[in-house]
Amino acid sequence: METDVQNNNGNETIAKLLSLIQIIFVMASLLFGGIIVLGNMAYTIQGWMGVSLEVPAFVSEWILQSLIILVLSFFLIRANQGVMERVSDAFGTSFYLYVFLTVVYATLGTIGLIFMILIVFQLLLIFIPGVRYYWFEEFVEDTKPRIKETRFTLHLIRKSPLVVVGILLISFMVMVAITAPWTTTYAGTTMVFDDVRLPPGSSSNDIKQNYEYLFEDTTLNPDIMPDYYYQQLTITQKYLETVEIPKLFIGVSELETGVDVVSVNITFRIYSLNVTDYEDMTVSQRQSYLYANASVVDESLLQYIELPDETGGYVWELQFTASQKTNAWSVNTRVVISYFSIFPVHIWGTDSYGGDIYSRIIWGAQEDLKIALSVVMVALSFGAIIGAASGYYGGKLDELVMRITDIFFAFPGLVLAMAIVMAIGVRSLETISIALMITWWPTYARLVRGQVLSEREKLYIEAARSSGASDSRILFSHILPNTIQPVIVQATMDIGSVLLVAAGLAFIGFGPPVGTAEWGMMIARGQNYILSAPWMTLYPGLAILVTALSFNLVGDGIRDILDPKLRRR
């Protein structure tokens, strides 16, 4: 009996901790969303008034996400009331809300990652045995039919060749985007201006200057550190790839001695020794191996020293000599080796600015997939919430939402997106994302509303109402999970469509600045050379085709799999 009482007390303690953390998280989410909304309002008002106002970049980029966060946080407050009262429905509702919030925060970069970590921590608390005691068994009973259907759906997906091929292509493109830093020979913004419109497989006409930092310290304090520094310098074949001789740059600047009048002598030397022999010799013995030296008194030391044009081991030495000690020494010091190398072969040729087509396509995969996925996730989340509330509550809210969507549908999507980009006035990938999010959400609002209207009158919803379930519980635990299938199909098909529209906007001049690796802009850059340099448009066009086709294959296959008429055949 005492053990049961102790267990109950432990469960209560963990549940209280969860509700407290949930309140803190909700307050942080509301604050974050509110700052962005208010920041956008202030930014808009100051634009109308002609007043200059500095606001962080994310304020203008994440307006839709912030609205979704505010709505979901409101529902999470309602769910938290049930968590504090240990109502089992409230825990399940919180779980679904956390899943929605994770999707939204996944589009917000580093800040979103911080909130996602907090969500994961709360999910861990929800599934601790002491908290599971209040809700998990009922949750499992509710989800058993869905789990069974999900397993059957996965079985059908494995049997569908088109879906499997589409998933493999999507996985390949995602891996290409993720591994861009390691699989490309050039950065996405690198332009070799001597390599204009080279055909595939061509060698570069230029050499590349490289910088390798051997030592850097912006807070060097000789008063509390040794008065000299040394390090091994090994000249390898990497530094001698071209006829240009490598150089060592020594930079000692911003020397400060505080209020004390101190004379400082700075000496830099290079010895033809390896570090072991250097350490075994006295100062006088090292002089016979001195290769080069530079010295200044009471001023900055900024000098290039030509290195030998043969491989070997050397030691560089930096020495400070002062007339007296002082408590306020500081100096900015760096030692950099500068060398030249031959640019790699251009596998798929170059564009009209000397950009490597292969590397820019790989880097462009990151940008285009990020746009497509973030637009669909945000539009789906926002549209699903608005559509679900509109269909469930009906009345004036439903009428208002439908008239707003009618306004959006009255304009062609591409034209509306162009107008939004022009209104924002900034050419960037983020601007394209915002424009497409605003353009795309009414589709999901209409779709979810229609599904909710058909579900809300069914007997299981009436049973949930009669059992005292809250509106948020009915929406997030019963109605939305049962309306998700057509939404998944629409979202999968839309990813390819968003990719095409984003590329189209960049092609007609509404995209990011010149130099950004983006497929639509690459095609626009190559359209004037389609006969003389067809590779400039061929490869980015194929990248768009394969990526959009893969998502369409998956979406088309899933639509057939989820069709009730074909599902059990």
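These figures come from a predicted structure and were not determined experimentally. (Residues numbered from 1 in each chain as written. Predicted model: local features only at pLDDT ≥ 70, side-chain atom pairs only at ≥ 80, totals over all residues. Heavy atoms only, no water.)

Digging into the overall build of the chain
Quick reminder of the rule: Helix and strand assignments follow DSSP, with helices taken as H or I runs no shorter than four residues and strands as E runs no shorter than two, numbered in order from the N terminus. Burial classes: relative accessible area under 20% of the type maximum marks a residue as buried, over 50% as exposed, and values in between as partly exposed (1.4 Å probe, protein chains only). Note on definitions: a residue-residue contact is assigned when non-hydrogen atoms from the two residues lie within 4.5 Å. Here the Shrake-Rupley method, with its probe set to 1.4 Å, supplies the accessible areas, and only the displayed protein chains count as covering residues.
Helix and strand content of the chain: 20 helices and eight strands. Burial statistics for the chain: of 569 residues in total, 47% are counted as buried. Here the analysis covers contacts within the chain between residues at least 6 apart in sequence; of these, 80% occur between residues at least 24 apart. Accessible area for the chain stands at about 28100 Å²; split by element, carbon and sulfur atoms hold 62% of it.

Considerations on helix H14 (residues 429-455)
What counts here: Here the expected length of a helix is defined as 1.5 Å per residue gap, with one fewer gap than residues. Here the bend at each residue means the angle between axes fitted to two seven-residue stretches, the one ending at that residue and the one beginning there.
Between its first and last C-alpha, H14 extends 38 Å over 27 residues, near the 39 Å set by a 1.5 Å rise per residue. The largest bend along H14 reaches roughly 30° and is located at Trp 440, with the proline Pro 442 sitting one to four residues downstream.

A short note on the confidence of the model for the chain
Rule in force here: By definition, pLDDT measures how confident the predictor is in each residue, and it falls between 0 and 100.
Confidence in the prediction for the chain averages 82 pLDDT; 89% of positions are at 70 or higher. Model confidence for the chain, summarised as mean pLDDT per element, is weakest for helix H20 (residues 564-567) at 57 and strongest for helix H18 (residues 519-526) at 90. Long-range and interchain partners of residues 1-6, a stretch whose pLDDT sits below 50, account for zero contacts in this model, where long-range means more than four residues apart.

Focus: the pairing of strand S3 (residues 247-256)
We count it as follows: The pairing criterion is simple: DSSP has to find at least two bridges between the two strands.
As judged from the six bridges shared by S3 and strand S6 (residues 301-306), these two strands associate in the antiparallel manner. If you follow Lys 247 over to S6, its bridge partner there is Glu 306. Here S3 pairs with strand S8 (residues 330-342) via eight bridges, running antiparallel. Bridging across to S8, Leu 248 finds its partner in Ile 337.

Description of the sheet that holds strand S5 (residues 290-297)
Pairing between the strands of a sheet is mediated by backbone hydrogen bonds and can be parallel or antiparallel. Note the threshold: Angles shown run from 0 to 180 degrees and are taken between the N-to-C directions of axes, each axis being a line fitted to C-alpha atoms and, for helices, limited to the stretch in contact.
If you walk across this open sheet you meet the four strands as S2-S7-S4-S5, and the pairing is antiparallel. At either end of the open sheet lies a strand with only one pairing partner, and these are strand S2 (228-235) and S5. Averaged over all adjacent pairs, the angle separating strand axes in this sheet is 15°, with direction ignored. Bridge count for strand S4 (residues 264-271) against strand S7 (residues 312-322) is eight bridges, and the pairing is antiparallel. Bridge pairing in S7 places Phe 268 opposite Leu 318.

Observations regarding a nonpolar patch on the surface
What counts here: What goes into a patch is any residue over 30% in relative accessible area without a salt bridge, connected to like charges within 9 Å or, for nonpolar side chains (Val, Leu, Ile, Met, Phe, Trp, Tyr), within 5 Å. Definition used for salt bridges: Asp or Glu carboxyl oxygen within 4 Å of a side-chain nitrogen of Lys or Arg.
Together, Leu 538, Leu 542, Leu 545, Val 546 and Leu 549 make up an exposed nonpolar region whose accessible area comes to about 410 Å². By the secondary structure assignment, Leu 538 is in helix H19 (residues 535-562).

Focus: helix H11 (residues 357-393)
Over its 37 residues, H11 extends 53 Å from the first C-alpha to the last, a length consistent with the 54 Å expected when each residue adds 1.5 Å. The largest bend along H11 measures about 30° and falls at Gly 364. Within H11, 29 of the 37 residues are buried, leaving the element largely enclosed by the surrounding structure.

Observations regarding the pattern of salt bridges
The final tally for this structure, using the stated rule, is 11 salt bridges. One salt bridge in this structure joins Glu 317 and Arg 286, with 3.8 Å as the shortest N-O distance. Of the two residues, Glu 317 sits in strand S7 while Arg 286 sits in helix H10 (residues 283-286), which places them 31 residues apart along the sequence. Arg 286 gets classed as buried once you look at its relative accessible area, which sits at 8%. Overlapping salt bridges bring together Glu 399, Arg 403, Asp 406 and Arg 446 as one network.

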